[in-house]
Each structure stands twice: as structure tokens, then as C-alpha cells.
Amino acid sequence: MAVETKTPTKNPAPGNRNSGRTSDPRRDAPRSGGPSQPRPPAKPSEPKPAKPAEPKVIELPESISLRDLAAKINVSPINVIRELMQNGVMATINQQLDFDTAAIVASAFGWEARPIPVVVESQIPEEMAVTPDGKPAPAGKVMTLKQRLLAKEQAENESALKPRPPIVTVMGHVDHGKTSLLDAIRKTDVASAEAGGITQHIGAYMVEHQGKKVTFLDTPGHEAFTAMRARGAQVTDIAVLVVAADDGVMPQTREAIAHARAAQVPIIVAINKIDKPNANPELVKKELSELGLVPDEWGGNTLFIPVSAKQRKGIEDLIEGILLVAESLDTIKANPNRRAVGTIIESHLSKSKGPMATVLVQNGTLNVGDAFVAGGVYGRVRAMFDFRGQSVKKAGPSVPVSITGLSEVPIAGDVFEVVEDERTARALAAQHQAKREREGTVPRVTSLEQYFAMAKASKAKKMFFIIKADNQGSLQPIVEQLQKLNNTIGGEKGEEIRLEVIYQGTGDVTESDVNLAIASGAVILGYEVEVDTAARRKAESNHVDIRLYNVIYNLLEDVELAMKGMLAPKIVEKVVGAAEVKQTFKIPKVGVIAGVRVTNGVAMRNATARVLRGGQVLHTGPVASLKRLTEDVKEVRQGFECGIGLEGFEGFKPGDVIEFIVQEEQTQTK
């Protein structure tokens, strides 16, 4: 043996390679002459660690809910719903998606989907472990993130899914009787307790009819409904539109329809106040049919149910109609035998109980003692109360409950999720909070440039628009011409790009229009209108694309070019300053000069000036003169006073606001 170890290993005999030992290609390969050296310990055969894949790899089960898919790929559920809509698939947040559909959606957000393999402990990367503060942890200290996701992902096949009560949002114009209708449904007296008879908060209630339950959300209006949707809280299955029979379709009725359509939920119309002498239900049907809500009795697909909240007439018909629509959807199902997932409906700080939140359970069952995470908030359910204030131990799908045991007051609209333990909840909350601070809370809103980029890349896309015009005579032809573009334009590779006008109306662009754009990803197109101050500020902070035109042809051309992928750079207005009129002076041969104080930004000589009174635009035109004391100046900064003259306008009054606007070219998105 000693001689054999000293023998050079050059050109070893083939028969000796495998003698008494396991073959190792690295050890058995021929080497250069010379004495043999001590060999390093042989490494066991193992696959090389995979480098981070581009795109990112995600493992998905055969079936996954839309909400859980959104959580896995770190996007808002509303963005997933929008992506499905663009591919011709209508889905709700709790709907189950098969692997192929989920993989297509994941790829749109930069993920490569793969089926979940049989996982053993050694296959889980240790770098995915997290500590309670969200930092990497040594192996074995805490459950890895992948383990947590795999444990959470309980395959919800058809046999596990069971029908759940439908969740209904009641919407409509102010004073058309939304809360009074819920009073009649619940046989309680909530409306009289509200300040001024107007709903001041979001309430969630359950009613039972012939053994079947329905959950109602009573919202302060469609804007709150949309604000929650903008944060990803797609909680509604059906929208009930309340229209007063003696008042008909009003501006907020139209807006409520637009918000319900943007949420892709079916609409049931409740014609309220039919007991009034001047009630005209047929007129309501006619007005709503012109907006696309055609009654079923006229051959349409919208249920119209006459009710009287005051006399409690038609209430049973309304609930039966809701249950009928819910049964026809065949998607209102959940798995009660899994950890609870839901949405924070409202929250507040109680002096006696600390942070409290109303949670609408949408999947699974919530129990007292469950650890949970909701955005950047975590905790353990200490106590749970139903909508009547009675203590309960558990809550299943579609059940609203108030809970205590939160680390702080959560944000309404955040996803609520039960996890393994409080330590895991603390870690996930820290991760979410860090991500929120890093990325901000600005929703993703589509601009015309983004539509252009999609068209240029020949990707099928739906384009959503909100149209505002100065009068009905202008609005109608604009909408008609836009709809005609659907029949004439397709993508470069044959994939059709379609546009949809989700809301149309007359008057200036308002904050409500911007709220709808935030939730739906729509572009706002205005013809011969202005943007009010509150709407402009909200649009700027949320990156909502508002385009104003005074020539219809230019409006249509921009949309057409965006659909074709040939959009030119956008010219945008930027408000650089504002001033308040303090007094006026009439100067011979010059005209009326406004003495102003610059309240914000800079007053500029070469800018366009816009005069507002009570939020309404009185005049828009160039600045004729700008003086500081007796000197002509090019600009005056905030806090200083000056004199301003405008071309073609002398009707200044103290209290008027003058905005200074410049135009900038915004390059298109590649």
C-alpha cells in the first residue's frame, strides 16, 4: 500500500479507477506526471445554486385566488383585475384563477410562473428567511418566506369552495334614500342617528331573508367606494343604485354608475320613493336606459325594482333580486376552511379599547386569538363583535366584524390576513411598511403616453377615458366619434386595441372625476372646460393624465394616434404661481389694474393668467403688464405685492384668484 501511494499516477490503468471507491470525474481524470498530492475532500454531487432569474420566478399552485396572486407578485388586486380585463377576462377579487391564467397575468408584471414542486426542506433558500423586523435571519430561526407562502396556499379546488353571502354596496345621489332604504332592510333606525341625516362613515350590516344572508355596505358615497378600490379593496359583488322616482337621474347618479362599471360589478336599480304623488318610475327607466342600464322588462339585462323605504314596500323584492343576481354570477364562493383574508372597511381609536377596525372577511374564517397583518399593522384578535355589537368567537366569509388587538389604527382599504403567529405578523408588517415608505402610496394610473407605448409594442389593450365637455351638444359627438375609432383601428400585429368611455359629463373637471381616474386608470379628456383647483392638485399628486382641448379634431387625433402608437409629445399646463386680488385701480388710457398679493409660487409676465372667482374660471388670457411699485418686472415672488393688467379683462373684484400658467412639452413614454 505504501508503494502504491508513492507511485506516480500518470496514465493509470482504467481498471484501477473504480476499484473500491465511488467514481469521481474530477479525481479520475488524467493528471500530469509527478508524485500524487493529498487530495481535497471530495464534494458531494449537487446542483449549482441557481442565479436570480430574469424575469423573477414565482411558483404557483394549480388554482389560486386573484387576491392571493396579487399578494404573491406584489401588486394591487385592482391592477390584476385591470390586466385580466385587457385580456377579455372579467374577474372579482376572490375568483379562482387556473395556473395558465395566473401565469399570463404574472408575466405581465415581470414574473415567470412555474408550478409548485414537491418541496423538501433542503430546497428552500435560506436567504428568504425573515426575522420579526423584516431582516434576513439565520437558518432555523424563523419560518422562511417561501415556507410561509406555501403553508398559506391551501389548494382551493371546486370541492373546497362554498357559496357565501353576496356583498352589496348601496350607491346613488345625495338624499335619494340610500340609508333610509337600508333602515327598511335592517328594520332599524340608523338614519335618524346620523348627523344631519347624512351618512358619516362606512357601515357593514348583514340581513337574512328566507334562510339566505346578504351583506350590505352603506358608504358615504361613490367617492369612498372608489377610494377603497384605488387602494386595491375590491370588496363589492353587486351594486344597488338608488334613484328617487320623483327626482330621476342626477349628476351623482351618473357618477355612481361610472364607478360601479369601473369596478366591473352588476348593477341593480332600486327606484325609491314610489309612494310620492309626483313619482315617475317610467321616466327613471327611460333616463337610465339612455345611460346603458336597460330594464329587463324592456329586453335589457338590468333589474329595476320599485321600492318605498318609508312605507317598506318592495324590500323583499329587492333582496330576492340581489340573491337572484348572486346565484347567476356563480363566482360568489369562498373556502371557509382556511385562514381568513379580508379588507379593513373602517378603523378608529377607541378610548377604552384602543385601536379598532371593522373587517369584512372575504375568504376563510376569522377566530378570536388569530394573529394577523393588515398593511403595516399587526396584532392578535383579542375580541370580536358583530354589526349589532354582540361578542362573537368566529366570523366566516362575507361577515363584517369589529376587532381589537391591533398594534395601531390601520388604513381603510388595506388587506387583512391571518398568519401563523404574531412574530410572523410583525415581520410582514415591517416589510410592508418599509415597502410603502420606499415606493410611496401613489396609485398606478395610466396616461395616454402609456397607452401609446402599449399600442406601439402591439400589445392588446383597453383604453379607458373620462370625457368632460362644456355642454351636451359638444359631448355627444365627441363620444360618438371616439366609439367609431373602435371599428377602424387595431394594433400593428392585428391585436385589437379598444377604447371605453367609462364616464361622460358636462362642466369642469372636478375632484370626483380625478377619483374615478385614480381607481380605473382612465385618462381625462376635456373639451372647452377647465380643471378646478382641488382636482388639479389631486391629479398632480396622483399622476392622473388630464388633457384639455378647444378643437374637437385635436382631441380625436390624439386618441387615434395613441391607439396607433404614433402619439406626439404632450403639451401640459403647469401652474407656476397664484395671487389674490386685494383692490382695483382704474388708470386713464391703461384700464383697470388689479392690486394683488402673490400667495403661492411666482407671478410671471410671460405667463398665461387665469382669473377664478369662487372656484369658477372667469377669464383666461395673456398678462398685459406686471409692475412692482412703479417698475416693470418680469416676475414677482410669493409674499410680495404687485399690480397686474390682463389683456381683454377688467372685471376684477377683491378676493379673485389669479393663476399663472406656462406650457411645457412632456416627452412620450417609450
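Residues numbered from 1 in each chain as written. Predicted model: local features only at pLDDT ≥ 70, side-chain atom pairs only at ≥ 80, totals over all residues. Heavy atoms only, no water.

## With respect to the overall build of the protein chain
As a reminder, the rule being used: A run of DSSP states H or I qualifies as a helix once it reaches four residues; a run of E qualifies as a strand once it reaches two. Both are numbered from the N-terminal end. The classification of residues rests on relative accessible area computed with a 1.4 Å probe and restricted to protein chains. Under 20% of the type maximum is buried, over 50% is exposed, and intermediate values are partly exposed. Should any heavy atoms of two residues lie within 4.5 Å, those residues are considered in contact. All accessible areas in this document rest on Shrake-Rupley with a 1.4 Å probe, and a residue is counted as covered only by the protein chains that are shown.
When you go through the protein chain residue by residue, the secondary structure sums to 18 helices and 33 strands. Burial status across the protein chain gives 49% buried among its 670 residues. Within the protein chain, contacts between residues at least 6 apart in sequence are counted, and of these 70% link residues at least 24 apart. Surface summary for the protein chain: the accessible area is close to 33200 Å², and the carbon and sulfur share equals 51%.

## Concerning the pairing of strand β32 (residues 641-646)
Applied cut-off: For two strands to be treated as a pair, DSSP must find at least two bridges joining them.
For β32, the tally of buried residues reaches 5 of 6 residues, placing the bulk of the element in the interior. In this sheet, β32 lies alongside strand β27 (residues 591-604) in antiparallel orientation, the contact comprising 4 bridges. In the strand pairing of β32, R597 is matched with E641. Sheet analysis places strand β29 (residues 616-628) next to β32, joined by 4 bridges and oriented antiparallel. Its bridge partner lying in β32, V623 is registered against L646.

## Considering the nonpolar core
Put simply, the test is: Among buried residues, the Ala, Val, Leu, Ile, Met, Phe, Trp, Tyr and Cys ones that are joined through side-chain atoms within 4.5 Å form a nonpolar core.
Core analysis: the largest hydrophobic core is formed by 42 residues, its most contacted members being L69, I73 and V80. If you tally residues by element for this core, the top one is helix α6 (residues 99-108), at 5 residues. In contact with L69, other than residues within four places in its own chain, are L60, I64, V80, L97, A102 and V105. One finds V168, I238, V242 and A326 within the second-largest nonpolar core, a separate group that totals 26 residues.

## Quick notes on α6
Counted only if it meets this: Note that the arc is computed from the directions linking the helix axis to the C-beta atoms.
Where α6 is concerned, the buried positions are F99, A102, A103, V105 and A106. Considered in projection along α6, the buried side chains sweep an arc of 165° and stay on one side of the axis. Away from the buried face of α6 by more than 90 degrees, exposed residues D100 and I104 are located. The secondary structure elements touched by the buried residues of α6 are β1 (56-60), β2 (63-65), α4 (66-72), α5 (77-86), β3 (96-98) and β4 (111-115). With its phi angle positive at about 85°, G110 sits one or two positions after the end of α6.

## Some points on the packing of helix α10 (residues 251-262) against helix α16 (residues 511-520)
Short version of the rule: Lines fitted to C-alpha atoms define the axes, with helix axes restricted to the stretch in contact, and inter-axis angles between N-to-C directions lie between 0 and 180 degrees. Roughly parallel covers angles under 35 degrees, roughly antiparallel covers those over 145, roughly perpendicular covers 65 to 115, and oblique covers all other angles. Three residue categories are used. Nonpolar comprises Ala, Val, Leu, Ile, Met, Phe, Trp, Tyr, Cys and Pro, charged comprises Asp, Glu, Lys and Arg, and polar comprises the others, including Gly.
Taken N-terminus to C-terminus, the directions of α10 and α16 make an angle of 10°; their axes are 10 Å apart at the nearest point. Between α10 and α16, the angle is such that the two are roughly parallel. Each of E255, A258, H259 and A262 in α10 lies in contact with α16, whose residues at this interface are S512, L516 and S520. Across the contact of α10 with α16, the residue classes break down as 3 nonpolar, 3 polar and 1 charged.

## Quick notes on unusual backbone geometry
A positive phi is found at R312, a non-glycine position, where the angle reads about 55°. Relative to the assigned elements, R312 resides in the loop between β11 (304-306) and α12 (315-329). Residue classification places R312 among the partly exposed residues on the basis of a relative accessible area of 46%. Notably, L629 is not glycine yet its phi reads approximately 60°, a positive angle. With respect to the helices and strands, L629 occurs in the loop between β29 and β30 (631-632). Exposure remark for L629: the relative accessible area of 73% places this residue in the exposed category.

## Re the sheet that holds strand β18 (residues 384-385)
Strand order in this open sheet of 7 strands is β17-β16-β21-β13-β14-β20-β18, and the pairing throughout is antiparallel. Both edges of this open sheet fall to β17 (377-380) and β18, since each of them pairs with a single strand only. With 2 bridges joining them, β18 and strand β20 (residues 400-404) adopt antiparallel strand pairing. Note that in β20 the partner of M384 across the bridge is I403.

## Some details on the pairing of strand β21 (residues 415-419)
Summarising burial for β21: 4 of the 5 residues are buried, a large majority. Where strand β16 (residues 371-374) meets β21, 4 bridges bridge the pair, whose relative direction is antiparallel. Considered in β21, the bridge of A374 is made with F416.

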